[in-house]
Amino acid sequence: MTNLKSFMSRQEMLGLLVVAAVLFVVMPLAMDIFRLNLFGKYLTYAFVAIGLVLCWGKGGILSLGQGVFFGLGGYCMAMYLKLEASTPEATAIQSTPGIPDFMDWNQITALPWFWQPFNSLTFTIVAIIAVPALFAFIIGTAMFKRRVGGVYFAIITQAIAAILTILIIGQQGYTGGVNGITDLRTLKGWDIRTDEAKYILYYVNGGLLIAVLLLSQIVLKSKLGRLLVAVRDQEDRVRFSGYDVSNIKIFVFCFAAVLSAIGGAMFTLQVGFMSPSFVGIVPSIEMVIFCAVGGRLSIFGAVYGTLLVNWAKTTFSETFPELWLFGLGALFIAVVLVFPNGLSGLYRSYLAPIVDRFIVPKGRKAEPDKSTPAAPFGADTTAKPAE
Amino acid sequence: MFADYTWTELGSIFAMQGFAGLILFSVFVLMALGLAIIFGQMGVINMAHGEFMILGAYVTYLCSNFVEAYAPSFFGVYFFFAMILAFVAAGSLGALVEWSLIRHLYKRPLDTLLATWGLSLILQQAYRSIFGAREVGVTLPNWLLGSVPLTDIIEIPINGIFVMVLTFFIAIGVYFILFRSRMGMQTRAVVQNRVMAGAVGINTEKVDRHTFALGCGIAGIAGSAFTMIGSTGPTAGQLYIVDTFLIVVFGGAASLLGTIASSFAISQAQSTMEFFLSGSMAKVLTLLTVVGILMLRPQGLFSLKIRR
Amino acid sequence: MRRLKNLIENRLSRRAVLAGTVSAATLAMAGALTPSFAQDVNTTGLAVTEDTVKVGILHSVTGTMAISETGSVQAEKLAIEQINAMGGVLGRKIEYIQEDGASDWPTFAEKAKKLLVNDKVAAVFGCWTSASRKAVLPVFEQYNGMLYYPTFYEGLEQSPNVIYTGQEATQQIIAGIDWVAREKGAKSFYLLGSDYIWPRTSNKIARKHIEKLGHKVVGEEYYPLGHTQFNSVINKIKLKKPDVIYAIVVGGSNVAFYKQLKAAGIDMTKEKPLLLTISVTEDEIRGIGGENIEGAYAAMKYFQSLDNDNNQAFVKAFKERWGDDIVIGDVTQAAYLGPWLWKAAVEKAGSFDIDKVRLASPGIELTTAPEGYVRIHENHHLWSKTRIGLAKTDGQYEMIYETADLMEPDPFPEGYQ
């Protein structure tokens, strides 16, 4: 247990247990498979939100292009599933059987080279991790080595999201265009559309989420995590202390990208298709708001924030479709103005003291969370180019 | 690809293509000026910029309907009044937003981004509730439609000329306000050193509000002018956001001259590439080039020469 | 638990319905082939009670597509209200559950699933973009629902769970190109579109057909959705001097495109170049402005100005219900057909069961359609006429040509792929 304690306080352990209990026990009991599948879909966004907590909340790097990585992961998975669904028998009516239907419609007669390796599940799983990581590494290296930060980084990532969307839509012969890659059926012969499969995928998804939470917790509690917070608050001092700031930033950006990609892959599996509408600017910004509502400093908060916003979205748009945007807009503003630390901030100020009474041994006070900056979000020193 | 054409045809095409580039340049400057003021001078990322433009467009729409119904004889000139009204409306809304929202967030630029995104959603839904989800058609006076034929092939669109002239005057106007007026001096003083500016008796809050309102007002004029070339609908504003931000960032945030230079570079690149490549690829290549250059030169084309 | 409740409800409703069978049978249309026995009416647990039946309406009320989909929602509601006023379907009033797809494809899939699984609706009227249809398609096939899809689209699809009430690409394109080639002597074409699957596939078919006729395509170009600067392509058009600009621009881009076309001095009221579009309905003209598109030709199956009794009654009813200043485009009319086609199929089958409705659907005729006579083909598309309209300054099309026969729908056209 000593090992565990070194990277997790009792509070955080409790948080993890509660998330696990909610995911594995409460929700499956409370919901039918339809709602549970929906809930599983929301959880895939939580991967992105956790990545943003690390990247933005802890590291001060706001990426408005997380949808890019979500999409890359999702597309890798979708390419594999699509190839499996496009057997020569299933596509016999096409002029070239054996290739995905949208390629056939676009007069492509042979499988393009970059699709070939996706016949292998092993390669696909490696690609889901490696492709976004590599992409993030390139972007991160180019930007952070040159000390681009803050607002500039946000806008450039946003532009990258726009570029990728236009590319995917424009190259419809290779990507399925605006419709995306649809009609995915089986994974290694296992039908992913049945209720049973949906249950299993939900649990796999939940298990991955817990694993990712643990991993993030380890990263945050390591020296690297502490350096990350230091970089956010006083970048120059970290640099003058002899650390390579850009490497720290590149690492956390790549890490967040990989988390997003895992979310994207799970999304494809559970929803059964992938389309460019998850890559663009709007979904990317929505993912930031999930993270902000949960509290940008808490990885557990991110999970709850994602669930809350999506739940509200589904409920409101069912009951008052026309008022939904007002509600969402007000939520953005309220989170920024009134609750800058989101749900986790509320928890910390109102609930945490009560919980502490039960779980912290007498005579020891709970450690104050050192990662909370004094100002709601510190003074953003990186807002302007190095002056 | 030129083999099929005569020299005169080629000459005309280059002339027209150059002119198309100039129109695009004016459009970009008009879009970006307001944002450049707000972002460059105040460090606020106004994601609702597009919605302020659309506010201007809707004001123009209302004006055109009103004039058509009650004072048809003024129809030829209503557009000028509409632009002034658009400026006032967008500027007032800007001042209100600054007072209620932005001034609490000056120390947190990334948070202004989220808050203004929320604001843009609210404005979009407001437009949708008031004007309906469909696009509205703005009727223009006849003299603004059509073109001036110079030769057989070369024809100059009148609304293009109008946008160019308008952009020119607004750019001059902004220059005078920022660099030749008392308000501009105060604004620049606040940008350079807020505390000192306050200490010498400048009302920094008032300056902030005026600057923000000015930026929004110019967005309103831009929106009003764009009713001539684009669509007016609740979500039309979002189309402009990425382009506009890239222009401002590419130009160097704190420099109005940079904004103009980057508008010129991007518009010429885009219109040339659009001519030789297909539309979508031209857009991708332009954006990629801009992002690429920004990675190499993050401070943008023009940056303030300050000791680092 | 829910399953049990449904079971009980069904039992109850069946017993109750037995009593009401006589009235239901008499109310059923005279043309119904089989008398409806109550136990056949609903054997699969759909949301059908003794006097109501639930259907779904699934369109975007929010987001970028709300602009286009509003008209379809209005048309579907109007049709349902009219059917109810006539006594409903098999003696049951239609109740609709409206869901918002929010211009977001997974939301469409999610809501489709909710309508089918939770609400057990007997039919869904909805979707607009191809992407949204592709997203809901697996859901409809898996849970065996019935979708009535109103938009003209690219074809290449034929699902047992969808009835396509709009035209597929060949119906719109071939008749239009034949007409300009024959009547206007057009020999060279410039193809232009927004960059996504419908314009690209349509232009592919158009190109094949143009080349088959021995004419020439002098340019083909796509711009991202929402693009607003068309000056460069207009210059290219001027350079290539095509006889016909074949434009499939959609959404907000339309407004920019036609305004800039006019400003650049391309006068569509003159003989050359003339402009033929398959994407601009009366709805879009509202945003573009009639004066900006005057003289353009459109090839589609319905115009608001069609001069026949069905249409006049339809337009009148539509305006009474939704306001005088409303315009009705091709898709709106196709959406209006959905509930009527479903009613006819249900009454022919004598049952709400999806499988029976599907079997009954091919051959269903509608003589009361505003566009005139339509019939459902074996491939679930509609036999319909294609018409050419000339855009006027008042924002209406004047029909100047219609095909003599119904065009056969051919979603997988041989030789055009």
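Visitor: Explain the packing of helix α7 (residues 150-170) of chain A against helix α4 (residues 109-131) of chain B here, please?
Guide: Angle between the axes and distance between the axes are the two parameters that describe a pair of packed helices. Across the interface, α7(A) lies against α4(B) with an axial gap of 9 Å and an inter-helix angle of 40°. Relative to α4(B), α7(A) is oriented oblique. Contacts between α7(A) and α4(B) pair Gly150(A), Val151(A) and Ala154(A) from the former with Pro109(B), Leu110(B) and Leu113(B) from the latter. Grouping the amino acids of the contact of α7(A) with α4(B) by side-chain chemistry returns 5 nonpolar, 1 polar and no charged.

Visitor: In this structure, what is going on with the interface of chain B and chain A? I would like to understand it.
Guide: How big an interface is tends to be stated in terms of the accessible area lost upon association of its parts. Taken together, the contact pairs 39 residues of chain B with 44 residues of chain A. Those elements giving two or more residues to the side of chain B that touches chain A turn out to be α4, α9 (238-251) and α11 (279-296) of chain B. Of the residues forming the side of chain B that touches chain A, the biggest block, 14 residues, is contributed by α4(B). For the side of chain B that touches chain A, the residue count by class is 25 nonpolar, 9 polar and 5 charged.

Visitor: Before we go on, may I ask you to explain the sheet that holds strand β1 (residues 52-59) of chain C in this structure?
Guide: To summarise the sheet geometry, strands pair through backbone hydrogen bonds and adopt either a parallel or an antiparallel arrangement. Residue and element names in this part refer to chain C. Strand order in the open sheet made by the 5 strands is β2-β1-β3-β4-β5, with parallel pairing throughout. The outermost strands of the open sheet, each flanked by one partner alone, are β2 (93-100) and β5 (162-164). In this sheet, neighbouring strand axes are inclined to one another by 25° on average, regardless of whether the strands run parallel or antiparallel. The sheet contact formed by β1 and β2 spans 8 bridges and is parallel. Each residue of the ladder has a partner; that of valine 53, found in β2, is isoleucine 94. In this fold helix α4 (residues 105-118) packs onto β1, β2 and β3 (124-126), with an angle of close to 180° to the strand it touches most, β1.

Visitor: Sorry, what's going on with unusual backbone geometry here?
Guide: Peptide bonds are mostly trans, and most non-glycine residues show a negative phi. In the Ramachandran plot, Lys188(A) falls in the positive-phi region, its phi being about 50° despite a non-glycine side chain. Tracing the chain through its elements places Lys188(A) in the loop between β1 (186-187) and β2 (190-191). Within the chain, Lys120(C) stands out as a residue other than glycine whose phi angle is a positive 55°. With respect to the helices and strands, the residue Lys120(C) is situated in the loop between α4 and β3.

Visitor: I tried to follow the environment of Ile83(C) on my own but got confused; where do I start?
Guide: Residue and element names in this part refer to chain C. Tracing the backbone shows isoleucine 83 in helix α3 (residues 66-85). Between the alpha carbons of isoleucine 83 and lysine 240 there is a distance of 52 Å; along the sequence they are 157 residues apart. Contact partners of isoleucine 83, with chain neighbours within four places excluded, come to Gly88, Val89, Ile94, Pro339 and Lys343.

Visitor: Honestly, the environment of Phe412(C) in this entry has me stumped. Any pointers?
Guide: All names here are of chain C. Locating phenylalanine 412 in the fold gives a position in the segment after β15 (397-402). By C-beta crowding, phenylalanine 412 is classed as partly exposed, having 16 other C-beta atoms within 10 Å. Separated by 187 residues in the primary sequence, phenylalanine 412 and leucine 225 have C-alpha atoms spaced 26 Å apart.

Visitor: Explain the confidence of the model for chain B to me, please; I cannot follow it from the model alone.
Guide: Do not read the fine detail of predicted coordinates wherever pLDDT is low. Per-residue pLDDT for chain B averages 85, and the proportion of residues at 70 or more is 95%. The least confident element of chain B is strand β1 (residues 147-149) of chain B, whose mean pLDDT is 79; the most confident is helix α3 (residues 78-100) of chain B, at 93.

Visitor: Honestly, the pairing of strand β10 (residues 297-300) of chain C in this entry has me stumped. Any pointers?
Guide: Taken residue by residue, a regular strand's side chains alternate between the two faces of the sheet. Residues and elements named next belong to chain C. Across the two faces of β10 the burial is the same, with Tyr297 and Ala299 and Ala298 and Met300 all buried. Where strand β9 (residues 274-277) lies against β10, 2 bridges are found, and the strand directions are parallel. When the sheet's bridge partners are listed, threonine 277 is paired in β10 with alanine 298. With 4 bridges connecting them, β10 and strand β14 (residues 387-391) associate as antiparallel partners. Each residue of the ladder has a partner; that of methionine 300, found in β14, is arginine 387.

Parameters and conventions
- Residues numbered from 1 in each chain as written.
- Chains lettered and ligands numbered in written order.
- Predicted model: local features only at pLDDT ≥ 70, side-chain atom pairs only at ≥ 80, totals over all residues.
- Axes fitted to C-alpha atoms, helices over the stretch in contact; angles between N-to-C directions.
- Helix = DSSP H or I, 4+ residues; strand = E, 2+ residues; numbered from the N terminus.
- Parallel < 35°, antiparallel > 145°, perpendicular 65-115°, else oblique.
- Contact = placed C-beta atoms within 7 Å.
- Nonpolar A, V, L, I, M, F, W, Y, C, P; charged D, E, K, R; others polar.
- Pairing = 2+ DSSP bridges.
- Buried ≥ 20, exposed ≤ 12 C-beta atoms within 10 Å, placed from the backbone.
- pLDDT = per-residue confidence, 0-100.

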